[in-house]
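# Understanding the architecture of this molecule
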Amino acid sequence: MTIGFDNRVAIVTGAGGGLGRAYALELARRGAKVVVNDLGGARDGTGHSDAALAVVREIEAAGGEAFSNGGSVTEYDQMVAMVEAAKARWGRVDILINNAGVLRDKSFAKMEPEDFRFVVDVHLNGSANCTKAVWDTMREQNYGRILMTASSTGLFGNFGQANYGAAKLGLAGLAKTLHLEGAKYGIKVNTIAPVAGTRMTEDIFPEAAFKAFAPENVAPAALYLVSEDAPTNMIIGAGAGVVQAAYVTLTKGVKLEAPTPESVAAQWAEIIDRKSEIVPNSGAEQTMSIMSRLQ
């Protein structure tokens, strides 16, 4: 079965290069009309460029439809204007890939509060801004596909990236709530944790690995997660043609023998025993799990 995007309208943020560019080009190749959003600039969020326009030209040269948008994801009004422009031109917005991001890596000891705030603002608040800007439209049309971009740093940690990790795990949490709130309106929300050789990671990967981890090798997972028959509430890792699933799990836990920290220490091995652990579909299931241990 071929996965197509004919008559679908997609917005991809941070699409002037790297992963976002790969997503935009492949969506367009498969029939989507694409808003290519990119503020441009360096990976620390400074400066500007014409990167988005270059991607639009690539799409148009291949026979597709696209327009560029230079709005900042940190400015909600600019994201609302971007969505309105897409609707004015094409009548709807079906897909949002929240991909825009920046890096300001330092150990936490050396990290200025401003570096923490800015990275969280771009990744987490920026994705919330874009999603809020399309949310009512998707609810009204009873269809939406939203993809958040998390990271292995958010899921598992990485030295020197406290700001980035905090933002990225926040995005996974945002997706888990929005999947619940969007379900009855035909909105599916997923999270991707990509590993790719891009401008943001070019000084991390050896050259051979940089090629294997090309952004184009992440695009298949991303496009599936915003397709008509996509799953919802998934956290998917992707890189170098490998696709993985990550889960937030919960052990069944134990009832303490006494309400003391000594009891926690004494029963620790049983508390962390992963046999029969579950993957809750909502926060309420943790409460239900606790109630079941009391009975």
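With that settled, consider the environment of Glu112. In this structure, Glu112 sits in the loop between β4 (95–97) and α4 (113–141). The exposure class of Glu112 is partly exposed, given its relative accessible area of 49%. The spacing of Glu112 and Asn158 is 46 residues in sequence and 18 Å in space, taken between C-alpha atoms.

So, on to unusual backbone geometry. The phi torsion at Asn7 lies on the positive side, around 65°, for a residue other than glycine. For Asn7, a relative accessible area of 60% gives the class exposed. Unusually for a residue other than glycine, Ser276 sits at a positive phi of about 70°. Residue placement: Ser276 occurs in the loop between α10 (268–271) and α11 (284–294). Taking relative accessible area as the criterion, Ser276 reaches 54% and is therefore assigned exposed.

Bringing a nonpolar patch on the surface into the picture now. Side chains of Ile290, Met291 and Leu294 sit close together on the surface and give an oily, nonpolar patch of about 290 Å² of accessible area. By the secondary structure assignment, Ile290 is in helix α11. Under the relative-accessibility criterion, Ile290 is labelled partly exposed at 46%.

The buried fraction of strand β2 (residues 33–37) is high, at five of five residues. The alternating pattern of β2 places Lys33, Val35 and Asn37 on one face and Val34 and Val36 on the opposite face, and all of these are buried. Where strand β1 (residues 9–12) lies against β2, four bridges are found, and the strand directions are parallel. When the sheet's bridge partners are listed, Val12 is paired in β2 with Val36. Viewed along the sheet, the connection from β1 through helix α1 (residues 18–29) into β2 turns out right-handed. In this sheet, strand β3 (residues 66–69) lies alongside β2 in parallel orientation, the contact comprising four bridges. Bridge assignment links Val35 to a residue of β3, and that residue is Phe67.

Two elements in contact, helix α3 (residues 76–90) and α4, have axes whose closest approach is 8 Å; the angle formed by their N-to-C orientations is 40°. What the angle tells us is that α3 and α4 run oblique. Handedness of the α3/α4 crossing: right-handed. Facing α3, whose interface residues are Tyr76, Met79, Val80, Val83 and Lys87, α4 presents Asn129, Cys130, Lys132, Ala133, Val134 and Thr137. The residue inventory of the contact of α3 with α4, partitioned by class, reads seven nonpolar, two polar and two charged.

Let us now look at the packing of aromatic side chains. Following the criterion strictly, the structure yields two aromatic pairs and no others. Consider the rings of Phe108 and Phe116, whose centres lie 6.4 Å apart with planes at 75°: the pair is edge-to-face. Taking the ring centre of Tyr185 as reference, the NZ or CZ of Arg139 above it sits at 4.2 Å.

As a further point, take the sheet that holds strand β6 (residues 187–194). One open sheet holds the eight strands; their spatial order is β3-β2-β1-β4-β5-β6-β7-β8, and the pairing between them is mixed. Each edge of the open sheet carries a strand with a single partner, namely β3 and β8 (242–246). Neighbour to neighbour, the strand axes of the sheet diverge by 20° on average, direction disregarded. Where β6 meets strand β7 (residues 235–239), four bridges bridge the pair, whose relative direction is parallel. Opposite Ala193, over in β7, you have Gly237 as the bridge partner.

In the structure shown here, the tally under the stated rule is 13 salt bridges. The shortest N-O distance in the salt bridge between Lys106 and Asp115 comes to 3.7 Å. The exposure class assigned to Lys106 is partly exposed, which follows from its relative accessible area of 39%. According to the relative accessible area criterion, Asp115 is buried, its value standing at 12%. A salt bridge links Arg117 to Asp121; the nearest nitrogen and oxygen atoms lie 3.6 Å apart. Within this pair, Arg117 and its partner Asp121 are both found in helix α4, separated by four residues, close to a single helical turn. Several salt bridges share partner residues, and in doing so they unite Arg8, Arg92, Asp94 and Glu228 into one network.

Quick notes on the rules
- Residues numbered from 1 in each chain as written.
- Predicted model: local features only at pLDDT ≥ 70, side-chain atom pairs only at ≥ 80, totals over all residues.
- Heavy atoms only, no water.
- Helix = DSSP H or I, 4+ residues; strand = E, 2+ residues; numbered from the N terminus.
- Buried < 20%, exposed > 50% of the residue type's maximum accessible area, 1.4 Å probe, protein only.
- Patch = residues over 30% accessible without salt bridge, like charges linked within 9 Å, V, L, I, M, F, W, Y side chains within 5 Å.
- Areas by Shrake-Rupley, 256 points an atom, 1.4 Å probe, with all protein chains shown as cover.
- Salt bridge = Lys/Arg side-chain N within 4 Å of Asp/Glu carboxyl O.
- Pairing = 2+ DSSP bridges.
- Right-handed = clockwise from strand over helix to strand, strands pointing away.
- Axes fitted to C-alpha atoms, helices over the stretch in contact; angles between N-to-C directions.
- Parallel < 35°, antiparallel > 145°, perpendicular 65-115°, else oblique.
- Left-handed = near helix turned anticlockwise from the far one by under 90°.
- Contact = heavy atoms within 4.5 Å.
- Nonpolar A, V, L, I, M, F, W, Y, C, P; charged D, E, K, R; others polar.
- Phe/Tyr/Trp six-rings, centres within 6.5 Å; stacked < 30°, edge-to-face > 60°.
- Lys NZ or Arg CZ within 6 Å of the ring centre and 35° of its normal.

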